[in-house]
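Summary of structural features
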Amino acid sequence: MPTAAQDDTAEAAATDAVETSEVQSSEAGNGSDVTAPNTEEAVEVPETVALKQQSWVFQPYDVRIWLAIEDSPRLASIDRNTLYAEIEQLIQGWVPYGWQTTISEPPQEILADAIYNARDLSMQDITLLYEPPKEDPNVVKIKEEAETATDDAESVQGEEEDAVTADSEESTEDAEVEVDPFAYLIKPNLLKQADKLYVVSIRDNGRDIVLQAVGFDCNGRVRVEDAVRELRNVADIAHNCFDAIKDIFRPVAKITFNAVTDGKQAGLQLRAAGLVNPELNPDSPLIIGNDSVFRPVVRRNDREGFPLIGGIIEVVWTYIYVQQTKPYGVLEGEMISTFSSIRNPVGSRPNSRTEKYGLLVPVRHENTLLKIAANDLEDYQLEGYNVFVRNAKASIDADDNPIDPVGQTDWRGAIPIEIGPTTLRIVYVKNGERVLARLPFVPGAFEEIDAFLPNDDVRLEYEAFFAGIMNSILDITVQRKVLETRINIKIKNGEITDAEKIFKEELMSLRSRKDIEDVLNEKETQKINNKRLNGTVLRKIDDMFARTNGLIKTYLSEDIRSTVEKAIKDAGGLQQE
């Protein structure tokens, strides 16, 4: 039960939630949702979706744990009931009243995969046990058109057969029984009842007992993380199983984002947070404070409440940074995001078929190795790019933090990002003077993280080329003017021979306007054939070509050679030519 320090309203709500969950458990039976999947006695239990929506904060997590134990001599000595009881006792001591735990063996349909391929299990593998598979509407349409065409082609041939068999079909029509094409699905639907599912594989490799735990969030319908433990003694299985589940548990919250706002703030309702008193249990995993970070998951459902095809969206490079906490698990924070293939998916207009959840992002390592690669070339690492970092705002009213340099990416395009004063840090990637990306993430959440950015090396290559061309234009313009002045002085002083020498040896050796234009035309041909150029970079390069051609027309428009040659001839020189 909740602690006595909570007010009467919270205690009453929590009491109702616990009593309701006990009734639900008795209705479903002891593990009946997973141990008797296809029996005729299985009855669909009342869905708890409405109840979970009403008492999200004051109802405990519904947690299901599947223990898949390999059939080996050493593991055969395990008493499953004793093992289940030990794990439940450890969980109860860690998160009292916060979890309603059901431990059982996985369904037979997935037992082999759970034992031998636990780390490869996906959310789709779990979903197909309980819900009918969905087909892409476009694929369904193509299949229907193909079937219609086949039916039309065979209609003539089938007329004779239909006439022969019509009588027999009529006689057996009354005896036909409608068959449920999805009778193989397990009922009741665990995914509509549970909050968390943990699949734990326990195997004996001959030397060690290998324990692999995989966590799934049933609200967001996503796989969360996995953990591995290696042990020698069978007696240590319960503690290692509990430790692995504890390590990959990620509290979930509902995102109460208001699309009417500026899109920079978001609210969170933390699951089961009303069952814990923060003052008496500050270390409870159900208590989330300031400086915490959540990653959003958007779920879009059909009319029956099942996720649409492509309806589960794990929004990349987008986080909610908690800056304010309120009683009973109400959190407020800043929505920090960067480039995404989906425009503002978290801030879309709310509706009854869209659910938005946030999963806590913990710090598990000392740092994170950020690896930057080109998004348009395979295995092309962006080496020598400058990386800067700043901390997230500690509070909504805090001023922006300064941007500090971290260093340059190495030959792998990698650079380590250290844990900072705030859990969430903002990384800026620059190439030259151009900022390529603004990447928010949590250092220490993962050992490595990959970022695929536009390849900016080509742009720098062209920028260097055009900088050289512009310097050449400036240099030629200055030299031509100086030489023209010197030749005019020589002509004025009657030193025609010296004027001719300057004209032939110096002025005529300078690059002409045609020479510069030929270099530009050759580079433009290379640009057309360069497949590494995307639309954005190509537009920038075209602007460089336009500016350079404008400089040529402005500064190299006059033909000084002809003007100077005519002046020398008028003075009586260059007669031999």
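Residues numbered from 1 in each chain as written. Predicted model: local features only at pLDDT ≥ 70, side-chain atom pairs only at ≥ 80, totals over all residues. Heavy atoms only, no water.

Right, let's get into the sheet that holds strand β13 (residues 367-374). Spatially, the three strands line up as an open sheet ordered β16-β13-β19, and their pairing is mixed. Of all the strands in the sheet, the pair left with one neighbour each is β16 (414-418) and β19 (448-453). Sheet twist, expressed as the average angle between the axes of neighbouring strands with direction ignored, equals 30°. Note that β13 and β19 share six bridges and pair parallel. Note on β19: the bridge partner recorded for K371 is D450. (Pairing = 2+ DSSP bridges. Helix = DSSP H or I, 4+ residues; strand = E, 2+ residues; numbered from the N terminus. Axes fitted to C-alpha atoms, helices over the stretch in contact; angles between N-to-C directions.)

Turning our eyes to something else, we now look at the pairing of strand β3 (residues 196-204). Of all nine residues making up β3, eight are buried, and the element is well covered by its neighbours. Note that strand β1 (residues 61-69) and β3 share seven bridges and pair parallel. By the bridge assignment, R64 is partnered in β3 with L197. Taken together, the nine bridges between β3 and strand β4 (residues 209-217) define a ladder with antiparallel strand orientation. Across the sheet, the residue bridging to K196 is D217, located in β4. Linkage of β3 to β4, two consecutive antiparallel strands, is achieved through a turn of four residues, within which G206 is found at a positive phi near 100°. (Buried < 20%, exposed > 50% of the residue type's maximum accessible area, 1.4 Å probe, protein only.)

As a general point, the strands of a sheet are linked pairwise by backbone hydrogen bonds and lie either parallel or antiparallel. Ordered in space as β2-β1-β3-β4-β5, the five strands form an open sheet in which the pairing is mixed. Bordering the open sheet on either side are β2 (99-104) and β5 (222-231), each of which pairs with just one other strand. The mean angle between the axes of side-by-side strands here comes to 15°, regardless of whether they run parallel or antiparallel. Each of β1, β2, β3, β4 and β5 touches helix α8 (residues 237-248); the most contacted strand, β5, lies at about 150° to it. (Contact = heavy atoms within 4.5 Å.)

This model, assessed by the stated rule, comprises 27 salt bridges. D62 serves as the salt-bridge partner of R64, at 2.7 Å between the closest nitrogen and oxygen. For the pair R64 and D62, a shared accessibility class is recorded, and that class is buried. The salt bridge involving D247 is made with R229; its shortest N-O contact spans 3.6 Å. With D247 in helix α8 and R229 in strand β5, this pair connects stretches of sequence that are 18 residues apart. Classification of R229 as buried rests on a relative accessible area of 17%. Here the salt bridges do not stand alone but share partners, grouping E225, R229, D243, D247, R250 and R364 into one network. (Salt bridge = Lys/Arg side-chain N within 4 Å of Asp/Glu carboxyl O.)

Glancing now at the nonpolar core. The biggest cluster of nonpolar side chains holds 61 residues, and the ones touching the most others in it are I65, L67, I87, W99, V200, I237 and F294. Those residues in contact with W99 that lie beyond four places of it in its chain are P60, Y61, V63, I91, W94, Y198, I245 and F249. Counting 30 residues, the second-largest nonpolar core is a separate cluster that includes V293, V389, I415 and L439. (Core = buried A, V, L, I, M, F, W, Y, C linked by side-chain atoms within 4.5 Å.)

Our next topic: the pairing of strand β6 (residues 252-255). Across the two faces of β6 the burial is the same, with V252 and K254 and A253 and I255 all buried. Bridge count between β6 and strand β12 (residues 354-360): three bridges; the pairing is antiparallel. Counterpart to V252 in the pairing with β12 is L359. Where β6 lies against strand β7 (residues 265-270), three bridges are found, and the strand directions are antiparallel. Bridging across to β7, A253 finds its partner in L270.

The next point concerns the confidence of the model for the chain. The pLDDT averaged across the chain works out to 80; a share of 77% of its residues lies at or above 70. Below a pLDDT of 50 lies the segment residues 1-51, which in the model reaches 70 contacts outside its immediate sequence neighbourhood of four places, other chains included. (pLDDT = per-residue confidence, 0-100.)

It is the contact of helix α9 (residues 457-492) with helix α11 (residues 513-529), at a shortest axis distance of 12 Å, that shows an interaxial angle of 170°. In this view, α9 runs roughly antiparallel relative to α11, as classed from their interaxial angle. For the pair formed by α9 and α11, the contact residues are E461, Y462, F465, F466, I469 and I476 on the first element and I516, V519, L520, K523, Q526 and K527 on the second. For the contact of α9 with α11, the per-class residue count stands at eight nonpolar, one polar and three charged. (Parallel < 35°, antiparallel > 145°, perpendicular 65-115°, else oblique. Nonpolar A, V, L, I, M, F, W, Y, C, P; charged D, E, K, R; others polar.)

Now for unusual backbone geometry. Most peptide bonds are trans, and most residues other than glycine sit at a negative phi. Cis geometry marks the peptide bond from K187 to P188, where omega comes out at 0°. Here P188 shows up in the loop between α7 (137-172) and β3. Despite not being glycine, R221 shows a phi value in the positive range, around 60°. As for its position among the elements, R221 is in the loop between β4 and β5. Looking at R221, the relative accessible area reads 5%, which means it is buried. At D291, a residue that is not glycine, the phi angle is positive and equals roughly 75°.

Attention now moves to the side chain of N391. As for its placement among the helices and strands, N391 is situated in strand β14 (residues 386-391). Polar contacts involving the side chain of N391 include one to the side chain of R425, which spans 2.9 Å. Excluding anything up to four places from it in sequence, N391 contacts N401, G420, P421, T422, L424 and R425. (Polar contact = N/O pair within 3.5 Å; in protein donor to acceptor, adjacent residues only side chain to side chain.)

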